[in-house]
Amino acid sequence: MKASTGHQTLTLTGLRFDANLGILESEKVAPQPIQVDAELSLGTQPLLPHDDDINHVLDYRKVRQIIISECTAEHVNLLETLIGKLAHRLMQLPGVLGVRVKIAKLEIFEDCEVAIRMETGEW
């Protein structure tokens, strides 16, 4: 018997933009580059959608815009706060069962990237 369903995950990797984030004076006056990676668990899905219509799946253009909007809406002191807000917002999308998200501050140190990952929901 052939499988007709599978576990589907929507992934956006390496999304880079500037955000107002941090506690240092320099971070409070100017945005800094961050990188966001996100995985959204969509659970069990048919191997083929019942039709080929964008309105019947989670539009990744919308997911991308939500990530950017959530991360640039206002200045946030802590990466921990920002990632929590983003994970909460992504979990509210229709059909999303779980979220894994990573936000990296790309220029905080010269010799390394600093990032936080958060996972919530069902995988």
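What counts and what doesn't
- Throughout this document, residue positions are counted from 1 along each chain, in the order its sequence is written.
- A pLDDT threshold of at least 70 governs which residues receive local features in this predicted model, and a stricter bar of 80 or more applies before side-chain atom pairs are shown or counted, although totals over entire chains, interfaces and linings include all residues.
- Values shown for side chains rest on all heavy atoms present in the structure; no hydrogens or waters enter the calculation.
- Secondary structure elements are taken from DSSP: a helix is a run of H or I of four residues or more, a strand is a run of E of two residues or more, and numbering for both begins at the N terminus.
- Accessible area is worked out with a 1.4 Å probe on protein chains only. A residue is then buried under 20% of its type maximum, exposed over 50%, and partly exposed in between.
- Should any heavy atoms of two residues lie within 4.5 Å, those residues are considered in contact.
- Exposure was quantified through the Shrake-Rupley algorithm and a 1.4 Å probe, taking into account, for residues, occlusion by the shown protein chains and nothing else.
- Lines fitted to C-alpha atoms define the axes, with helix axes restricted to the stretch in contact, and inter-axis angles between N-to-C directions lie between 0 and 180 degrees.
- A crossing counts as left-handed when the near helix is turned anticlockwise from the far one by less than a right angle, and as right-handed when that turn is clockwise.
- Gly is put with the polar residues, along with every residue not named as nonpolar or charged; the nonpolar set is Ala, Val, Leu, Ile, Met, Phe, Trp, Tyr, Cys and Pro, and the charged set is Asp, Glu, Lys and Arg.
- Put simply, buried Ala, Val, Leu, Ile, Met, Phe, Trp, Tyr and Cys residues joined by side-chain atoms within 4.5 Å make one nonpolar core.
- The span expected for a helix works out to 1.5 Å for each residue beyond the first.

**Student:** Explain the overall build of the protein chain residue by residue, including any values.
**Tutor:** The helix and strand inventory of the protein chain stands at three helices and four strands. Overall, the protein chain shows an N-to-C arrangement of helices and strands of β-α-β-α-α-β-β. Summarising its shape, the C-alpha atoms of the protein chain cover approximately 60 × 25 × 20 Å along the three principal directions. Counting all 123 residues of the protein chain, 35% fall into the buried class. For the protein chain, long-range pairs separated by at least 24 residues make up 65% of all intrachain contacts whose partners lie at least 6 apart in sequence. Working note: accessible area of the protein chain is about 7,800 Å², and carbon and sulfur atoms make up 51% of it.

**Student:** Would you mind going over the packing of helix H2 (residues 60-72) against helix H3 (residues 79-91) in detail, with residue names and values included?
**Tutor:** Running from N to C, H2 and H3 point in directions that differ by 145°, and their axes come no closer than 10 Å. Here H2 runs over H3; the crossing is right-handed. Within the contact between the two elements, H2 uses Val63, Ile66, Ile67, Glu70 and Cys71 and H3 uses Leu82, Lys85, Leu86, Arg89 and Leu90. Counted by class, the contact of H2 with H3 contains seven nonpolar, no polar and three charged residues.

**Student:** Give me the lowdown on the nonpolar core, citing residues and values where you can.
**Tutor:** Core analysis: the largest hydrophobic core is formed by 29 residues, its most contacted members being Val36, Leu40, Val63, Ile67, Cys71, Leu90 and Ile103. Elements that contribute at least two residues to this core include exactly strand E1 (5-19), strand E2 (32-46), H2, H3 and strand E3 (98-105). In terms of residues, this core owes the most to one element, H3, which gives six residues. When sequence neighbours within four positions are dropped, the list of residues in contact with Cys71 reads Phe17, Ala19, Ile34, Val36, Leu82, Leu86 and Ile103.

**Student:** I'd like a description of H2, backed by residues and values.
**Tutor:** Given a rise of 1.5 Å per residue, 13 residues ought to cover 18 Å, and the 18 Å separating the end C-alpha atoms of H2 matches this to within 8%. Among the residues of H2, those classed as buried are Val63, Ile66, Ile67, Ile68 and Cys71. Buried residues along H2 sit in contact with E1, E2, H3 and E3.

**Student:** Tell me what's going on with the side chain of Gln32, and back it up with residues and numbers.
**Tutor:** Here Gln32 shows up in strand E2. If we ignore the near neighbours within four places in the chain, the residues touching Gln32 are Phe17, Asp18, Ala19, Leu21, Glu27 and Lys105.

Any link to function would need more than the numbers given here.
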